[in-house]
2 protein chains.
Amino acid sequence: MVETRKSTLVLVAERAGVSIASVSRVLNGLPASPQLTEKVREAAEALGYVPDATARSLKVGRTDQIAFAVADVGNPVYVAMMHEVSRVVSKAGFRLVLSSTGNDPQDQIELLSSLNRGFADGLLLSPLRVTEPLVAALRSSRLPIVIIGSLPAGVELDNVRADSVAGIGLAVEHLVEQGRKHIAFVNGPVDTVPGAARLSGYLTSIERFGLTTTADLQVTASDFTYKAGRKAAARLLAQSSPDAIVCANDLLAVATLKELTSRGIRVPDDVAVVGMDDTDAAELANPSITSVDLGSAKRAKAAAKLLIRRLADPGAPVKQVVIEPTLSVRESSVLAEVTV
Amino acid sequence: MVETRKSTLVLVAERAGVSIASVSRVLNGLPASPQLTEKVREAAEALGYVPDATARSLKVGRTDQIAFAVADVGNPVYVAMMHEVSRVVSKAGFRLVLSSTGNDPQDQIELLSSLNRGFADGLLLSPLRVTEPLVAALRSSRLPIVIIGSLPAGVELDNVRADSVAGIGLAVEHLVEQGRKHIAFVNGPVDTVPGAARLSGYLTSIERFGLTTTADLQVTASDFTYKAGRKAAARLLAQSSPDAIVCANDLLAVATLKELTSRGIRVPDDVAVVGMDDTDAAELANPSITSVDLGSAKRAKAAAKLLIRRLADPGAPVKQVVIEPTLSVRESSVLAEVTV
DNA sequence: CTGTTAGCGCTTTCAG
DNA sequence: CTGAAAGCGCTAACAG
């Protein structure tokens, strides 16, 4: 039977009849004689010794924890990221601390200052809005931070971002190939990083493919959520008759899809729908929704690895990574083929 | 400009010309004279002092961290739970450490032993499978643990669980009211806690409402996932013709729905579909899916509060909470009303 | 009310 | 190769 009460190095050392330094060495795999090693192992086992993480942290100045701050724990994109981050981080021997900030930049600034309490060794941050004070706080942080998402030009911080302009380009190109001409856009708030980027991507792509767009082909949801999407789609359909709709994320796409079918408009027959982020929601929808994969999982993975690299080598040059988008074509944008 | 290098109590004390004890007191809001307070505040501010969490933890024997172990970070139910846990926990001043164990009980046992390293003050655990060794490990844990989910009879640990038998009862009752007679069941693996509970709930309910079921009305998916659900639903439809299908979770329900519509079977006209867990997936599906809310969010919230209570009062009697299910009726189970 | 001091449990020089 | 001892930064007796 193994002792279940809390035991320390001192206890183990006493039982083994050696010094605590020796115990520490053996347990950390440093050179020691076989006899010593044996004695220590035995004593440690008998006492059910488990080293104390806090004490170790205080001594070595590391916590082996990485913090991941997300604006919305429920957002499927963040969930996908978390999934990936969790995997990479734990494989590298770190624990994952989840910090849920709201989308309020102030929360994130507070997070940064609390980071300096040293409860984690580094931070992964995916801000929805990047304000001036946030940038300042990021710059003056003592701990390594990797940003997932775009940064204002000139801000030199490790970061990995998506190329949403190229992503929307893929969507528009695909729709054009399918013979669509009047491509509408359901966006989320334009004062967010993704909202702004996606809008500019839409406008750029429309022009690049020689199409035109007008104000009544564009609506903005108050939020990147299903509910807001329903309302925005309703507004869109009241003011125009597109033959294709690009949505700034999958939730908005699902909402748009629902709004369409509830009005008896067929997808993809009458209107094609394309989402972004390529989350489960797109795959599970009925019909399943074509979606631009902005590489959430890849971004998260790259970011986590970047942070781990930085922790190992604090002096490494700043690295900025761009993940290329891909398109997952599904039912919502392709007319059923005539099967023989 | 605030000093950005790391500063300690000693530095602040020197600058303020007082003892470190005084600094500690002031910063922790213990009684001190106004002048002292003022001096300390000023020095701390000037140095940009931030207390070190690790040192504090070592001293006070608390980390202010709560660990939440989930089998699958991507599962919507866990996501909903995380959401709630994150909220409760951070409001109570704890950080959330996310530990992703696989569904392997061995992983969870290792987690328990690493918990004894003291990186967290307590653990929320929602095991998919509860094995004998797991129970043993749970029992001998030095730290408070709250289990989300059912426990074998006789295991006295804080826990909060759902009443899935009653939940399926709600679903069956509703379907019976809608005039359905041949109610099939798409389950997940029966060697999991939810799988076993839901199967028994189905059998109990069928009997209670005077219906009958046969082997060909029951299928088991290899997993609680969409893909596995598609296959299971296909098998079911190949072997029987139910007029209603209860699915052991929403993902299976979405899969079943898709399998049905892809065969031209109308929902709810020909077949009614009911899911469980009442996740976003049910709401977003088209048609939206009626789902049994087993109170994931409530359970998570209750569990988190229970753990926090236990941390505050380690001697409190063991508490076992059962959350009552409710039914969210949506389109997939109700024939469209004739609107005047 | 404030200062001195003893550790929390561990790692890591520094001697031997 | 092993032991003694010095702290990591902080809190909490205990004196004064």
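The structure displayed is predicted, hence computed values, not measured ones.

**Student:** Honestly, the interface of chain A and chain B in this entry has me stumped. Any pointers?
**Tutor:** It is common to report an interface's size as the accessible area lost on association of the parts. Every contact between the two is made by 44 residues of chain A and, on the other side, 44 residues of chain B. Summed over both sides, the interface between chain A and chain B buries roughly 3,600 Å², with carbon and sulfur atoms accounting for 60% of that surface. The largest contributions to the chain A side of the interface with chain B come from A:R117, A:L284 and A:N286, which together make up 17% of the buried area. Our count for the contact surface shared by chain A and chain B stands at 1 salt bridge. Across the pair A:E331 and B:K258 runs a salt bridge whose closest N-O atoms are separated by 3.9 Å. At the surface where chain A touches chain B, the tally comes to 9 residue pairs in polar contact (both at pLDDT 80 or more).

**Student:** Please clarify how the UniProt feature "domain: HTH lacI-type" (unreviewed entry) in chain A should be interpreted in this entry.
**Tutor:** Residues annotated in UniProt with the feature "domain: HTH lacI-type" (unreviewed entry) correspond here to residues 12–60 of chain A. A distance of 21 Å separates the end C-alpha atoms of residues 12–60 of chain A, which is 71% helix and 0% strand.

**Student:** Would you explain the sheet that holds strand β7 (residues 218–220) of chain A in this entry?
**Tutor:** The strands making up a sheet are joined through hydrogen bonds of the backbone, oriented either antiparallel or parallel. Residues and elements named next belong to chain A. Taking strand neighbours across the sheet as the criterion, the 6 strands line up as β7-β6-β8-β9-β10-β12 in an open arrangement whose pairing is mixed. With one partner strand each, in any of the chains shown, β7 and β12 (326–328) form the two edges of the open sheet. Adjacent strand axes in the sheet meet at a mean angle of 20° when their direction is disregarded. Pairing geometry for strand β8 (residues 244–247) and strand β9 (residues 272–276), over 3 bridges, is parallel. Paired with V246 across the bridge in β9 is V274. Docked against the sheet, helix α8 (residues 164–177) engages β6 (183–187), β8, β9, β10 (290–293) and β12, running at close to 165° with respect to β9. Sheet strands in contact with helix α9 (residues 193–208) are β6, β7 and β9, and its direction is about 175° off that of β6.

**Student:** How do you make sense of the protein's contact with DNA strand D when you look at a structure like this?
**Tutor:** Taken together, 26 residues surround DNA strand D, and among them A:S22, A:R25, A:S33, B:L9 and B:Y49 come closest. Here, DNA strand D places atoms within 4 Å of the protein, and 64% of those atoms are sugar or phosphate. With respect to DNA strand D, the side chain of B:N28 contributes an N or O atom lying 3.4 Å from a phosphate oxygen. Of the residues in the surface near DNA strand D, the class split is 13 nonpolar, 6 polar and 7 charged.

**Student:** Mind showing me how you'd approach the protein's contact with DNA strand C here?
**Tutor:** Taken together, 26 residues sit near DNA strand C, with A:L9, A:Y49, B:S22, B:R25 and B:S33 positioned nearest. A breakdown of the atoms of DNA strand C within 4 Å of the protein gives sugar and phosphate a share of 59%. Between DNA strand C and A:A55 there is a distance of 3.4 Å, counted from a base nitrogen to a backbone nitrogen or oxygen. Mapped onto the surface near DNA strand C, the elements with two or more residues apiece are α2 (20–27) and α4 (53–60) of chain A together with α2 (20–27) and α4 (53–60) of chain B. Of the residues that constitute the surface near DNA strand C, the class distribution is 13 nonpolar, 6 polar and 7 charged.

**Student:** What is the right way to read the packing of helix α10 (residues 226–239) of chain B against helix α11 (residues 250–262) of chain B from this model?
**Tutor:** Packed helices, taken two at a time, are described by the angle between their axes plus the distance between the axes. Residue and element names in this part refer to chain B. Packing of α10 against α11 brings their axes to within 8 Å, and their N-to-C directions diverge by 50°. With respect to α11, the element α10 is oriented oblique. The crossing of α10 and α11 is right-handed. Mapping the contact onto sequence places Y226, G229, R230, A233, A234 and L237 in α10 and L251, L252, V254, A255, T256, K258, E259, L260 and S262 in α11. Its residues assigned to classes, the contact of α10 with α11 shows 9 nonpolar, 3 polar and 3 charged.

**Student:** Would you take a moment to explain the domain arrangement of chain A for this structure?
**Tutor:** According to the domain assignment, chain A contains domain 1 (9–60), domain 2 (65–162 + 296–325) and domain 3 (164–293). Averaged C-alpha coordinates put domain 1 of chain A and domain 3 of chain A at centres separated by 61 Å.

How each quantity is defined
- Residues numbered from 1 in each chain as written.
- Chains lettered and ligands numbered in written order.
- Predicted model: local features only at pLDDT ≥ 70, side-chain atom pairs only at ≥ 80, totals over all residues.
- Heavy atoms only, no water.
- Contact = heavy atoms within 4.5 Å.
- Buried area = accessible area lost by both parts, 1.4 Å probe.
- Salt bridge = Lys/Arg side-chain N within 4 Å of Asp/Glu carboxyl O.
- Polar contact = N/O pair within 3.5 Å; in protein donor to acceptor, adjacent residues only side chain to side chain.
- UniProt positions renumbered as here; feature names shortened; annotations may be inferred.
- Helix = DSSP H or I, 4+ residues; strand = E, 2+ residues; numbered from the N terminus.
- Pairing = 2+ DSSP bridges.
- Axes fitted to C-alpha atoms, helices over the stretch in contact; angles between N-to-C directions.
- Near = heavy atom within 4 Å.
- Nonpolar A, V, L, I, M, F, W, Y, C, P; charged D, E, K, R; others polar.
- Parallel < 35°, antiparallel > 145°, perpendicular 65-115°, else oblique.
- Left-handed = near helix turned anticlockwise from the far one by under 90°.
- Domains from an automatic or database assignment.

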